[in-house]
Amino acid sequence: MFFQRALWFLLLSIIGCFSGLSSAQTLTLPVEDYPPYITVDESSNSISGMDIRVTQAAFATVGIQVSFETAPWQAILQGIESGEFAGTVSCARRPERAPYMLFSNEVSTSSRVLISRPSFATDHIESIYDLNSFRVISVEQWDMEQQLTELNIEHSTVQGISEGLESIMTGQSDVFFVSRYPVLHQAKKEGLQKSIKVSSLVAEPLVPLHVCLSKNYPQARELVQAFNQGLQIIKRNGTFQAIRNEYL
């Protein structure tokens, strides 16, 4: 009873603090298909996924409604930098983004893995630097591809996960450096679970993902604070974990 009462008072105080935001128009965030964090179903014109639902729930708790639309990732980044877009979801914190982005508290995490054919030997690949000896591919402009570029590791790019899996299956590439959950989702969708091998890099830590808002968007700082408060509430009342349990 004490916990419920304390949570209720916290909710009332938060809504009071951000009442100016809740009366504003619905916040619209562009996203790119990134299952299970973000799932775009073109047949039903719907956008869902783990991070989408967490973001909606957290903002709704503090009286802010959020809608989503699809856009290419590079266009999203450019739009956030210019202030054309308010922000996006499932976004990693990177040094080059800090000048124009605000980052929320952690929403989820992503792990980076290597995808190869089952017969391809990966036991001796322990760090990202070991990839220099192989034909490596990664999705263009994703964090993993930018990491390869920064470390001067030679690689080729693909436009999406499906194209990357095809390159591995046809033998055009040795390893596909990519995010674990999205690639496993796509492999299952294409019936390739038993046709690929997933290898982890020992030195690659989990990458936190955030709601990222443009510093050039009106009330961006207040929106990040409101989201963080809402996220705290749904973690306390069990909503956050309930959503994650449906996907992981």
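Since the model is a prediction, treat every value here as computed from it, not as a measurement.

## Focus on the confidence of the model for the chain
On average, residues of the chain carry a pLDDT of 89, and 90% of them reach 70 or more. Across the chain, the secondary-structure element scoring lowest on mean pLDDT is helix 1 (residues 2–17), at 49, and the one scoring highest is strand 6 (residues 101–103), at 98.

## Re the packing of helix 3 (residues 50–61) against helix 8 (residues 220–236)
The angle between the axes and the distance between the axes are what describe a pair of packed helices. Contact pair helix 3 / helix 8: the axes reach a minimum separation of 7 Å and the direction vectors enclose 100°. Relative to helix 8, the element helix 3 is oriented roughly perpendicular. Here Val54, Thr55, Ala57, Ala58, Phe59 and Thr61 of helix 3 lie close against helix 8, whose contacting residues are Leu223, Phe227, Gly230, Leu231, Ile233 and Ile234. For the contact of helix 3 with helix 8, the class distribution of residues is 9 nonpolar, 3 polar and no charged.

## As for empty space enclosed by the protein
For the structure shown, the criterion picks out 1 cavity of 30 Å³ or more. A volume near 200 Å³ is recorded for the largest cavity. Residue lining of the largest cavity: 17 residues in total, with Tyr34, Trp73, Ser90, Trp142 and Asp143 positioned closest to the centre. Those elements that provide at least two residues to the lining of the largest cavity are strand 5 (87–92), helix 5 (143–150) and strand 13 (207–214).

## Here we look at the pairing of strand 11 (residues 175–179)
Most of strand 11 sits out of view: 5 of its 5 residues are buried. Looking at chain direction, strand 8 (residues 112–116) and strand 11 are connected through 4 bridges and run antiparallel. Bridge pairing in strand 11 links isoleucine 115 to phenylalanine 176.

## Digging into the pattern of salt bridges
All told, the structure shown has 6 salt bridges when counted by the stated rule. Linking glutamate 246 and arginine 53 is a salt bridge whose minimum nitrogen-to-oxygen distance equals 2.8 Å. With glutamate 246 in helix 9 (residues 239–247) and arginine 53 in helix 3, the pair connects residues that are 193 residues apart, well separated along the chain. Classification of glutamate 246 by relative accessible area gives exposed; the value is 53%. The exposure class assigned to arginine 53 is partly exposed, which follows from its relative accessible area of 25%. The salt bridge partner of arginine 112 is glutamate 204, with a shortest N-O separation of 3.8 Å. You can see arginine 112 sitting in strand 8 and its partner glutamate 204 sitting in the loop between strand 12 (197–200) and strand 13, a full 92 residues away along the chain. In this pair, the class of arginine 112 matches that of glutamate 204, namely buried.

Here is what the cut-offs are and how they apply
- Here the residue index of a chain counts from 1 through its sequence in written order.
- This being a predicted model, a pLDDT of at least 70 is required before a residue's local features are given, and a value of 80 or more before pairs of side-chain atoms are given or counted; all residues contribute to the totals for chains, interfaces and linings.
- Derived side-chain values reflect all non-hydrogen atoms in the structure, with water molecules and hydrogen atoms excluded from consideration.
- Confidence of the predictor in every single residue is expressed as pLDDT, which spans 0 to 100.
- Numbering of helices and strands runs from the N terminus, with a helix taken as a DSSP run of H or I at least four residues long and a strand as a DSSP run of E at least two residues long.
- Throughout, an axis means a line fitted to C-alpha atoms (over the contacting stretch in the case of helices), and angles, computed between N-to-C directions, take values from 0 to 180 degrees.
- These descriptions rest on fixed angle ranges, namely under 35 degrees for roughly parallel, over 145 for roughly antiparallel, 65 to 115 for roughly perpendicular, and the rest for oblique.
- Should any heavy atoms of two residues lie within 4.5 Å, those residues are counted as being in contact.
- By the convention adopted, Pro, Cys, Tyr, Trp, Phe, Met, Ile, Leu, Val and Ala count as nonpolar, Lys, Arg, Asp and Glu as charged, and the other residues, Gly among them, as polar.
- Here a cavity denotes grid points, spaced 1 Å and computed from the protein atoms alone, that fit a 1.4 Å probe unable to get out, and a pocket denotes an open set having protein on both sides within 12 Å along at least 5 of 7 lines; residues with an atom within 4 Å of a point are the lining.
- Grid points are joined across faces, edges and corners, and a volume is the space filled by probe spheres set on the points.
- Buried means the residue's accessible area, taken with a 1.4 Å probe over protein chains only, is under 20% of the maximum for its type, while exposed means over 50%, and partly exposed covers the values in between.
- Whether two strands pair depends on DSSP finding at least two bridges between them.
- Salt bridge criterion: a side-chain nitrogen from Lys or Arg within 4 Å of a carboxyl oxygen from Asp or Glu.

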